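# Remarks on the overall topology
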Amino acid sequence: MATKSSASSYERINITLPRATLGLLDRVASKGNRSRFINEAIRRLAKGRSRAELRKLLEEDGRVNRERDLAVHAEWAAVDAETWPGHRRR
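So, here is what we can say about the structure in this document. As the structure is a computational prediction, the values presented were derived from the model and not from experiment.

To continue, consider the side chain of Asn 65. Mapping Asn 65 onto the fold places it in the loop between helix 3 (51-64) and helix 4 (66-83). Owing to a relative accessible area of 17%, Asn 65 belongs among the buried residues under this scheme. Side chain to side chain, Asn 65 and Asp 61 meet in a polar contact 2.6 Å long.

Attention now goes to the packing of helix 1 (residues 19-28) against helix 2 (residues 34-46). Close contact between helix 1 and helix 2 brings their axes to 10 Å; oriented N to C, the two are set at 105°. Judged on the interaxial angle alone, helix 2 and helix 1 are roughly perpendicular. Counted together, Leu 22, Leu 25, Asp 26 and Val 28 of helix 1 and Arg 34, Phe 37 and Ile 38 of helix 2 form the full contact between these two elements. By residue class, the composition of the contact of helix 1 with helix 2 is five nonpolar, no polar and two charged.

Side chains that differ in sign of charge can pair as their charged atoms come close. In total, this model carries four salt bridges according to the counting rule given. Between Arg 44 and Glu 40 there is a salt bridge, and its shortest N-O distance comes to 2.8 Å. In this pair, Arg 44 and Glu 40 both sit in helix 2, four residues apart, roughly one turn of the helix. Among the residues examined, Glu 40 registers a relative accessible area of 36% and is labelled partly exposed.

The rules we used
Residues numbered from 1 in each chain as written. Predicted model: local features only at pLDDT ≥ 70, side-chain atom pairs only at ≥ 80, totals over all residues. Heavy atoms only, no water. Helix = DSSP H or I, 4+ residues; strand = E, 2+ residues; numbered from the N terminus. Buried < 20%, exposed > 50% of the residue type's maximum accessible area, 1.4 Å probe, protein only. Polar contact = N/O pair within 3.5 Å; in protein donor to acceptor, adjacent residues only side chain to side chain. Axes fitted to C-alpha atoms, helices over the stretch in contact; angles between N-to-C directions. Parallel < 35°, antiparallel > 145°, perpendicular 65-115°, else oblique. Contact = heavy atoms within 4.5 Å. Nonpolar A, V, L, I, M, F, W, Y, C, P; charged D, E, K, R; others polar. Salt bridge = Lys/Arg side-chain N within 4 Å of Asp/Glu carboxyl O.

Note that all results are geometric; they support no functional claim without further evidence.
Below, the structure is given as structure tokens:
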């Protein structure tokens, strides 16, 4: 049985997901349970794998999704430039 951790042991982060992945997440986890679902998915993916194996998986995913990731970066770069004073585009 899992025990509940105190709120101070959690940290809020901001992530970017493809719309298709978000749609899948919405189908399998309610909005109130997204964090729990993502936490469990990461733990299952990483369990029993070495850092080298996980790095290889991430690198492979990076190659497969390079174009998508560059498009998301370009889309948000303009927003960052407007939002953060002194931010320069690269």
